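Report on the structure
So the chains spell out like this:
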Amino acid sequence: MVPLPRVLDVVECKRNDRAEKLKPFRDGRGPPPPDLLNVFPYLERNLTDKEKAILRCDATAIADVVRKRLYTAVDILKAFIKVAVAAQDATNCLTEICFEEALVRAKELDDHLENTGQVVGPLHGVPVSIKDHIKVKGLDTSSGYIAWAYATISDNDALVVEILRKAGAIIYVKTQNPQALLSLETNNNVFGRTCNPFNTDLTSGGSSGGEGALVACGGSPLGVGTDIGGSIRIPAAHCGLYGLKGSVARLPHSGLLGSHDGMDAIIGCIGPMATSARDLALFCRVMLEDQPWLKEPALLEIPWKDNVVRGHDLPERLSIAILYDDGVVKPHPPIIRELEKYKTALESAGHDVIRWEPLDHQKGWDLIVKLYLLDGGAEYHETIHEGGEKEVSQTKWMLDHARGRQPYTPREIFRLNAEREAFRARALEHWNATKNRTATHRPVDAILCPVAPTLAPPHGTTSWWGYTSHWNLLDLPAVVFPVRQYSASEQDSFNPGPPRNTVEEFIARQWKPETYDNAPIGLQLVGRRLNEERLLAILGAIEKAVPPVCSNLPERRFSHGFHKTLDGHVTC
């Protein structure tokens, strides 16, 4: 165990190192006021019209304007660095800073384009931020653990980072994740807590909460997160973004640092977080065009099918199932209302909509939490103890699920794995049986459902993972997309009825419109296993029926810049 003075030294040094690397890039904006809730007016201070134009571009548009030489890679990077620094001051979203190295790379990319007339790849000049526990050569990988701070400087890039660099992306910053990673909020003893930029009293989500906050602030056009129970989708929903959790073995996953390395009872996924659906497809295409299965043996050789994303062979009339309530925790009123709105709009657009009957969500949670903690949480406890730190509240909440329990024996693990496969088989049968209820006489094409029972909740209060972890247990791809922002002036009443359990009782008591003022509302679309392209195509069809309205998406946040037309072209 690290002595207490050493613990304090490590924390102080990490935070001081970060501050020193940020100092040359401060623009005289000054610190945010201590009572700041909505950070966006603060972020917009001191931005030039040129910077606003850049910051309104998604990653696809950035690659386009750099290729057309409307802006240089250095121009692009400097604009995002400027907002990233402000985002850090307002939300505490950053960990490792490599702005200087990134600017050198941006200049190299500009010189290459000037001298050859060619881009190095499809992401030429696009800044990309990386979640802390994903390895970046030369940077620390503390991953929210004091014990790992300064002890985990990486000698190489994770495969996803290697592919991004090859495609021309510029890696310039790493972002916050929670202690132990097993949390749908972002808080650790190394760097502290990350806040939601829409309302700093609320969580940004986790475990990719640093990415969620940074991308939402406009400090990054494209972020890379990971997801083993909702860790891309929750921060995407809480921060008004798009986020994709693919199926296991579809996208590269090697080169991550975290506890339980080698555990394969439940496997996490790398995925993108972005401000547009098309950026999700761009990320996946870049990953799979590099044939990562030739470098990572566990990956399946399934090339990316852009024509499917564009809707090839997608039925004109979709069958969509809507899950309103998972049978464990009823969602808060704004979420139910949006699901009803989508039902009406989809039916008006000619699509077939049925109700999804939940299948054993409580049993699914009881099973997946055992799979998360096969060793009873021993490795998490050991690493926390080694750093001389205490469990933050959300870590404690998760580890309490196994506290006092002995590690499972090999025979017990075999039984749990068999139970997982039986659960998946029942779920597949349940999905296929929907053909008996659809007007198309096909099984449903996708499930539309909540991401969580609440909008972004107050810090330290997240208490139900079932709307996201269920799909990890089933290994189904899921995409989150923004709908709009909530306003306390809507004054929704909530009459959930008698609580079915203590978790539902707690979450029902949380409902107060003023608590969630300005919080984004997001929904989740779940597809068939290994059908990520088709899932994004279905999302495209849904967004044609119900165009998203979110006043703080980057393309609407700033007052000047490029606009994306419905067919994806960029106009000035």
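The structure this text deals with has already been given above.
Reference entry: report on the structure contained in this document. (Residues numbered from 1 in each chain as written. Predicted model: local features only at pLDDT ≥ 70, side-chain atom pairs only at ≥ 80, totals over all residues. Heavy atoms only, no water.)

Things to note about the packing of helix α5 (residues 73–91) against helix α6 (residues 99–116)
In helix packing, the relevant descriptors are the interaxial angle and the interaxial distance, both defined with respect to the helix axes. The condition is simple: Between the N-to-C directions of two axes lies an angle of 0 to 180 degrees, each axis being a line fitted to C-alpha atoms and, for a helix, fitted only over the stretch in contact. Helix and strand assignments come from DSSP, with helices taken as H or I runs of at least 4 residues and strands as E runs of at least 2, each series counted from the N terminus. An angle counts as roughly parallel when it lies under 35 degrees, as roughly antiparallel when it exceeds 145, as roughly perpendicular when it falls between 65 and 115, and as oblique in every other case. Handedness of each helix crossing follows the sense of rotation of the near helix against the far helix: counterclockwise by less than a right angle gives left-handed, clockwise gives right-handed. Throughout, a residue-residue contact means that at least one pair of heavy atoms, one from each residue, lies within 4.5 Å.
It is at 8 Å that the axes of α5 and α6 come closest, and there the two elements cross at 160°. Judged by the inter-axis angle, α5 sits roughly antiparallel to α6. Crossing handedness for the pair α5 and α6: right-handed. For the pair formed by α5 and α6, the contact residues are A73, V74, L77, K78, I81, A84 and V85 on the first element and F99, A102, L103, A106, K107 and D110 on the second.

Focus on unusual backbone geometry
Definition in use: To sort residues, take the accessible area from a 1.4 Å probe on protein chains only and compare it with the maximum for the residue type: under 20% means buried, over 50% means exposed, and anything in between is partly exposed.
Residues G206 and S207 are joined by a peptide bond in cis, for which omega reads 5°. By the element assignment, S207 lies in the loop between β7 (199–203) and α8 (209–217). A positive phi is found at D475, a non-glycine position, where the angle reads about 55°. Its place among the elements puts D475 in the loop between α17 (466–474) and β14 (478–485). For D475, a relative accessible area of 6% gives the class buried. With phi around 80°, N518 is a residue other than glycine that occupies positive phi space. Checked against the element boundaries, N518 lands in the loop between α18 (502–510) and β15 (520–526).

So, helix α16 (residues 410–432)
Going by this rule: Helix span, as expected, comes to 1.5 Å for every residue beyond the first.
With 23 residues, α16 should cover 33 Å at 1.5 Å per step; its first-to-last C-alpha distance of 33 Å lies within 8% of that length. Among all positions in α16, only L416, R420, F423, A427 and W431 are buried. Turning to α16, the residues buried within the fold contact α13 (361–372), β13 (446–449), α17 and β15.

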